[in-house]
Amino acid sequence: MEQRVLFRLSQPLKWASLFMILLVSFIQLQSLVVEGAILDDDSSKVLCDMDLSSFLPLPYGSLPNMACKPLWNSYVLRYSQSKNNVITIVLSSIYTGGWVGMGFSKDGMMLNASCMVGWITTEGRGRIKQYHVRGFTPSEIKPDEGQLPLTSVPPYIALNGATIYLAFQLKYNKTLKTQPVLLAFSTRYPHHLHLPIHEDKTTISFDFSSGDADSIVDVSSNFIKDKRTHGILSLMGWGLLLPFGAVFARYLKHKDPLWYYLHVVIQFAGFLFGVAALAVGLALDKKLHASIPTHKGIGVFVFLLTVLQVLAFFSRPSRDSKYRKYWNWYHNWLGRICLFFGAVNVVVGIHLAGAGAAWKIGYGLLVGALLIICIVLETLLRIKWLQERDIPPALSTNSL
């Protein structure tokens, strides 16, 4: 009977190993996804040759010396810069609902950027407003605020066919040359002027003085790469290795000392992934100058708890020591607290980063699979304990 129970205990572990392999493959596949595509030459030529005067008022409908450049996805930038440093901008993109935005930033980052955002309401009315990005949550993106030097010419928004046009005019003290430009969109509509989180975004550096296509350089690739690296390291450490290391310690005790070596190796690897995730996260925090005290505070707190766990490993008393049971309580409960707050921080990080649905679904599947595995293994373990308790003790020789 015991062998059959142990066999049933080993089966979910095989499925867990298979799931770990699939998750790693999924994360590697995610890193290969292209963030955006540029319009081909034929499509951009047709768009740039379009007459805007039929649906855009002056001065947007007839820009003198207009330059037209495809930027990202279906985004096309038309602009004209006068001798007195007035820049007239018309940004167009395929529109399927929600909002479309173009921002100006000093360092290429979203934080502290000033953006022009437009959308068509469900009643068919166009809305265009300036927003100031003070933080990463919708409540911290303030409407009717910002540092863009708008002229007295009112901004304008129009929908022509399936294409939306955002038009506005800026006046600078000198000729605008290379400028970091942010592009973003969401298919969800603003609610009481609060913008839902973007579904995709990019940052480019555009030279408004020359308009040369060679001057378009992606300056957000390193930031996006660091953010993805931070997320992958966190998922590998707190979402995969550390939870499964704890599972092995609880449900493989009958494989002594194999369970101990597996637990130590996997937990130490998870600890290294956690340290790497913290290092990348702190570097991102330094670049962004962002105010994310919850995510950062939980991360540092969990890191300190894991350091205590590592130190506890080197101070583990022997099995015969009277302090061993207290050490076990400390080690087990501190480990559970670490895993809980680590999982919470992963969820907070995914939310703050504005990660796509693939990250949310992937982590949800991982947590769900881990819970199912634990429930199955815990049930089988309880059954095994009940069977061992119901076996009558062997009769002694003296009683015979």
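Structure shown above.
Residues numbered from 1 in each chain as written. Predicted model: local features only at pLDDT ≥ 70, side-chain atom pairs only at ≥ 80, totals over all residues. Heavy atoms only, no water.

Draft legend 1. Region of interest: the overall build of the chain. Secondary structure summary: the chain contains 7 helices and 12 strands in total. Out of the 400 residues belonging to the chain, those deemed buried represent 43%. Across the chain, the fraction of contacts at a sequence separation of at least 24, relative to all contacts at a separation of at least 6, is 63%. Surface summary for the chain: the accessible area is close to 22,200 Å², and the carbon and sulfur share equals 63%. (Helix = DSSP H or I, 4+ residues; strand = E, 2+ residues; numbered from the N terminus. Buried < 20%, exposed > 50% of the residue type's maximum accessible area, 1.4 Å probe, protein only. Contact = heavy atoms within 4.5 Å. Areas by Shrake-Rupley, 256 points an atom, 1.4 Å probe, with all protein chains shown as cover.)

Draft legend 2. How the structure looks around the pattern of salt bridges. Within the structure shown, the criterion is met by 4 salt bridges. One salt bridge connects Glu378 with Arg250, and the closest N-O pair in it is separated by 2.9 Å. Of the two residues, Glu378 sits in helix H7 (residues 357-390) while Arg250 sits in helix H3 (residues 221-251), which places them 128 residues apart along the sequence. One network of salt bridges, in which partners are shared, links Arg250, Glu378 and Arg382. (Salt bridge = Lys/Arg side-chain N within 4 Å of Asp/Glu carboxyl O.)

Draft legend 3. Representation of the packing of aromatic side chains. Scanning all chains against the criterion turns up 9 aromatic pairs. Geometrically, the ring pair formed by Tyr79 and Phe206 is edge-to-face, given 5.4 Å between the ring centres and 90° between the ring planes. On the criterion of sequence distance, the pair formed by Tyr79 in strand E2 (residues 75-81) and Phe206 in strand E11 (residues 200-207) is long-range, its members being 127 residues apart. Classification of Tyr79 as buried rests on a relative accessible area of 4%. For Phe206, a relative accessible area of 1% puts it in the buried group. Among the aromatic residues, ring-to-ring pairing joins Trp259, Tyr260 and Tyr261 into one connected group. Geometry around Trp333 places Arg336 over its ring, the cationic atom sitting 4.6 Å from the centre. (Phe/Tyr/Trp six-rings, centres within 6.5 Å; stacked < 30°, edge-to-face > 60°. Lys NZ or Arg CZ within 6 Å of the ring centre and 35° of its normal.)

Draft legend 4. Local environment of a nonpolar patch on the surface. Among the surface-exposed residues, Tyr323, Tyr326, Trp329 and Trp333 lie close enough to one another that they form a single nonpolar patch of about 550 Å² accessible area. Judged by relative accessible area, Trp333 falls into the exposed class, the value being 54%. (Patch = residues over 30% accessible without salt bridge, like charges linked within 9 Å, V, L, I, M, F, W, Y side chains within 5 Å.)

Draft legend 5. A look at the environment of Arg324. One can find Arg324 in helix H6 (residues 324-353). Looking at Arg324, the relative accessible area reads 14%, which means it is buried. Non-local contacts of Arg324, meaning those with residues more than four positions away in its chain, are made with Arg316, Pro317, Ser318 and Arg319.

Draft legend 6. Layout of the sheet that holds strand E8 (residues 156-160). Strand order in this open sheet of 5 strands is E1-E2-E3-E9-E8, and the pairing throughout is antiparallel. Each edge of the sheet is formed by a strand with only one pairing partner; in this case those strands are strand E1 (67-72) and E8. Direction aside, the axes of adjacent strands within the sheet are offset by 20° on average. Pairing analysis gives 5 bridges linking E1 to E2, with the strands arranged antiparallel. (Pairing = 2+ DSSP bridges. Axes fitted to C-alpha atoms, helices over the stretch in contact; angles between N-to-C directions.)

Draft legend 7. Looking closely at the environment of Gln309. Looking at the secondary structure, you find Gln309 in helix H5 (residues 293-314). With 22 residues separating them in the primary sequence, Gln309 and His331 have C-alpha atoms 6.8 Å apart.

Draft legend 8. Structural context of the side chain of Gln169. On the secondary structure map, Gln169 appears in strand E9 (residues 163-171). A polar contact of 2.9 Å, which involves the side chain of Gln169, links it to the side chain of Thr88. Excluding its chain neighbours within four sequence positions, the residues that come into contact with Gln169 are Pro59, Tyr60, Val86, Ile87, Thr88, Pro149, Leu150, Thr151 and Val153. (Polar contact = N/O pair within 3.5 Å; in protein donor to acceptor, adjacent residues only side chain to side chain.)

Draft legend 9. How the structure looks around the pairing of E8. Relative to E9, E8 runs antiparallel, the two sharing 5 bridges. Within the sheet, the bridge partner assigned to Asn160 lies in E9 and is Thr163. Count of turn residues in the E8/E9 antiparallel hairpin: 2 residues, of which Gly161 carries a positive phi of about 70°.

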